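As a plain string of letters, each chain reads:
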Amino acid sequence: MSTVEHASAQRKSLFTPFNIVAAIILAAGLVVTVMRFTGGLGAVTNLDQNNPWGIWIGFDLLCGVALAAGGYTTSSACYIFGLKKYHAGVRPAILTAFLGYALVVFALGYDVGRPWRLPYPIFVQQGTTSLLFEVGLCVMIYLTVLFIEFTPAAFEWLGFKKIRNIVVKMTLALTIFGVVLSTLHQSSLGALYTIVPSKLHPLWYSPYLPLFFFVSSICAGLSMVIFEGTLSHKPMHHLMDKEYLDNHDGLILGFGKGCSLILFGYFAIKVIGLAYDNNWHYLATGYGAWFLVEILGFVALPSFLYAIGARDRNIPLIKWAAGLTVFGIIVNRFNISMVAFNWQLPSQLRYFPSWGEITISLFVVTIGVLAFRFISTRMPIFYEHPDYKGEH
Amino acid sequence: MLRRTFLGLLGGAGALAALPATAGAAGKHFGPHPDTMAVLFDATRCIGCRQCEKACNEVNNLPAPEKPFDDMTVMDTERRTDDKTYTVVNKYATEKGGVFRKMQCNHCLEPACASACFVRAFKKEPNGAVTYDASVCVGCRYCMVACPFSIPAYTYNDPITPRVVKCTMCSPRLAEGKLPGCVERCPKEALTFGPREEIIKIARARIDAYPDRYQHHIYGEHEMGGTCWMYLSGAPFSEIGMREDLGTTSAPELTSGALAAVPMVVGLWPVLLGGIYAVSKRNQKVANAEKVMAVKNALTKASSEAEKKLSEELKKADVANKRLIEVEVKKAVEEALSAKDEDAASSEEES
Amino acid sequence: MEFFTLQDYYTHTKGIVYLIMGGILVAATLYWQFLMGGNRKDD
């Protein structure tokens, strides 16, 4: 069949530009990996005594978790809110989320000093007052939930009918657990910073930080589903079945509309946060200008673009708005973890990522893309397995 | 439509959950342990001899510094505690001239590092010291992020056994009945060790005795919920590198609101989401049933209409038939009559 | 049990709350099945 033909064609053209770039990044990543685990964090990072967290936390953890929110938003839209027409979008979203979280944990293995002790907070000694304990516990359980949610695709591929049907029966419970756990750890990532009012710039510090992180994670999740659907549309088109393709525009319109509304709410609570702490006067400073760029350019603007796109049924505009939202979420997480963090320090003591840190971050993203390609070209992700058609 | 409304609801419910920002200990008070010891640093007495740094290095078996302790040029740049140093003395140019100030872990009454640590590697001892246990430390460095005084340091260049480094208030020496290394060595009595309550009394007495010499503030009495290391200074504290904007709210209080919201989500989210699921399923069922009914009604309506039409057609056909017969009969009669007339006429002509 | 710091007090209470949270998740699943599993004539 056509998939088989394509697979063999792919094998022939192994030296595509994408594959070559990926191979270079993987090779560089392996080199830095060896340096990291033989020379310590100091050998490859720009971290220092004042700046203990760099892009491995700011990008790999904070952005990684936020951008993997597509899993719980899509599955809850379909299975809890009863929007069955989005069903075809659930599997790609779950797979992205699972890979996203797996890679977050993988990247933490580079960042923490003794990664082999990562299970300690849960199994050895529980620091229950730490928000990071909350994050760790939720991420661990949620990774398991996502794995179980993903397994039906693998079981269909392998032909394990019985166990596949058992897992499918647990869909509702798994989805609800997923939303509970996501709500908790998405918000707790923001709450990590509630302990440092003295180090985080007042425009970004707020007692509402957990809520900001949670609400923006929904926007990130919805936008990421649109954005990623756009990216995988061309290379994966031959794998997509009629249901996926027929519903794709509907999904983009629906998610775009939803995201527009939630971004409106996110903008509103950001302004409320500003008023709650009476931070208006900071708006006239340099940090204030950057804050305005963030909430006007990366929150209000995409919300409006989404709305126009949804009204005019302008799919390309919605896709652009999705890209802008995703970028905006990354800007926000970078601001909180790096730009506005330690703002009281003189500029020569501030942090800037090293090449080693950037390489590892690219390395992790590349592994994610390759794993997604590997799985989605083999398992029923973009199409329904013929044995289980129309069964939802 | 449904999903948007409900996702909005989610956000709203989250806001509600985040509300009890000070749910904390509900009026309970947790005083420091009665055995809590403290140290007072008096910046007006410190001469910047770095003997405390040297003593600290010796009693804690820390690696030798790059420049010896009698080299005073290191004070030209502001230093901080790092992975080889528990304490440093810095020199600050102030309105009252050059002032020296010692820096080390302040041993908070409610330590931010302990509150932030997810393996409880930090412990507030009854004697006041905040100690660190490297045997459970994962190395996440959240303690360093959380510390408002930026004290904990990390051995970044150790690939196998990296750990957090900070002053222990010489807890092992205190257990032996000795003074902390730096306090013991100080030649000018700039450091005073004693029970925390006594130390506060001493500090207050000094301010009262020399109100012109001191700032009327004991730094650390209330900062971040209070510390075991407290400071007196002649120059404003902000001029000797100490932050005056930290506030008196302790670290566990800062995170208590967020922590209080967590169990509420677990308790109420399944209810809310399960409810939404049930409602949307019910709506779907009703909608489906309505659809079925509508189809059925349409069918019955269509069939009854067809029947009506048929009978009407039949009736019409009946009428038409009758008329046809009538017409035929009429025609026949007329024909018969005209034949009769013609016969009569022809017979008249014939006769 | 006597606590000398808010930190120790929270460690204790949050520890119990975390255990209760686990219990709630299990209980909610079971209770849902109980609630939805009755007479199926009219659900």
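Throughout, residues of each chain are indexed from 1 in the direction in which the sequence is written. Chains carry letters from A onward and ligands carry numbers from 1 onward, assigned in written order. Where local features are concerned, this predicted model is filtered to residues with pLDDT of at least 70; where side-chain atom pairs are given and counted, the filter is 80 or more; whole-chain, interface and lining totals use all residues. Computation of side-chain values: all heavy atoms of the structure, hydrogens and water removed.

**Examining the overall build of chain B**
For chain B, the helix and strand inventory stands at eight helices and nine strands. Looking at the 351 residues of chain B, the share that counts as buried comes to 46%. Residue contacts follow a heavy-atom distance rule, with two residues in contact if any of their heavy atoms lie within 4.5 Å. Contacts spanning at least 24 positions in sequence make up 60% of the contacts within chain B whose residues lie at least 6 apart. Areas reported here follow the Shrake-Rupley algorithm with a probe of radius 1.4 Å; residue values treat only the protein chains shown as occluding. Accessible surface, chain B: about 18200 Å² in total, of which carbon and sulfur atoms supply 57%. By the criteria applied, helices consist of DSSP H or I runs no shorter than four residues and strands consist of E runs no shorter than two, each listed in order from the N terminus. The classification of residues rests on relative accessible area computed with a 1.4 Å probe and restricted to protein chains. Under 20% of the type maximum is buried, over 50% is exposed, and intermediate values are partly exposed.

**Some points on a nonpolar patch on the surface**
A cluster of nonpolar side chains, A:L14, A:F15, A:I20 and A:I24, forms an exposed patch at the surface whose accessible area comes to about 460 Å². Examined against the element boundaries, A:L14 turns out to sit in the loop between α1 (2-12) and α2 (17-39). Residues with no salt bridge and a relative accessible area higher than 30% make up the patches, which join like charges within 9 Å and nonpolar side chains (Val, Leu, Ile, Met, Phe, Trp, Tyr) within 5 Å. Salt bridge, as applied in this entry: a Lys or Arg side-chain nitrogen positioned within 4 Å of an Asp or Glu carboxyl oxygen.

**Topic: the interface of chain B and chain C**
By a frequent convention, interface size equals the accessible area lost on bringing the separate parts together. Tallying the contact residues gives 30 residues for chain B and 18 residues for chain C. What gets called buried area is simply the loss in accessible area from a 1.4 Å probe that two parts show on being joined, summed for both. The contact between chain B and chain C buries some 1900 Å² in all, and 70% of this surface belongs to carbon and sulfur atoms. Looking at the side of chain B facing chain C, the largest losses of area belong to B:F30, B:L259 and B:V266, adding up to 25% of the total buried there. Of all elements in the fold, only α3 (112-116) and α8 (251-350) of chain B reach the threshold of two or more residues within the side of chain B that touches chain C. In terms of residue class, the side of chain B that touches chain C is built from 15 nonpolar, eight polar and seven charged. Each residue gets one label: Ala, Val, Leu, Ile, Met, Phe, Trp, Tyr, Cys and Pro are nonpolar, Asp, Glu, Lys and Arg are charged, and the others, such as Gly, are polar.

**Focus on the confidence of the model for chain C**
Counting all residues, the mean pLDDT for chain C is 88, and 88% of those residues have values of 70 or more. Complex prediction metrics read pTM 0.87 and ipTM 0.90. The pLDDT value expresses, per residue, how confident the predictor is, ranging between 0 and 100.

**Remarks on the sheet that holds strand β8 (residues 191-195) of chain B**
All names here are of chain B. Only when DSSP finds a minimum of two bridges between them are two strands counted as paired. In spatial order, the strands read β8-β1-β9; together these three strands make up an open sheet with mixed pairing. At either end of the open sheet lies a strand with only one pairing partner, and these are β8 and β9 (229-232). Within the sheet, the average angular offset between the axes of one strand and its neighbour, ignoring direction, is 25 degrees. To obtain an axis, a line is fitted to C-alpha atoms, over the contacting stretch when the element is a helix, and the angle between two such axes runs from 0 to 180 degrees between their N-to-C directions. With respect to the sheet, helix α7 (residues 196-209) is in contact with β1 (37-42), β8 and β9, its orientation differing from that of β8 by roughly 135 degrees.

**Things to note about the packing of aromatic side chains**
All names here are of chain A. Each aromatic pair joins two rings of Phe, Tyr and Trp (for Trp, the six-membered one) with centres within 6.5 Å, and gets the label stacked for planes under 30 degrees apart, edge-to-face for over 60, and tilted for any other angle. The final tally for this structure, using the stated rule, is 33 aromatic pairs over all chains. Considering the side-chain rings of W53 and Y193, the 6.2 Å spacing of their centres and the 80 degrees angle between planes classify their relative orientation as edge-to-face. Here W53 is found in the loop between α3 (41-44) and α4 (55-67), whereas its partner Y193 is found in the loop between α10 (171-191) and α11 (209-233), with 140 residues between them in sequence. One exposure class covers both W53 and Y193, and it is buried. An aromatic cluster of three or more residues is present, and its members are F37, W56, F106, Y110 and F363.

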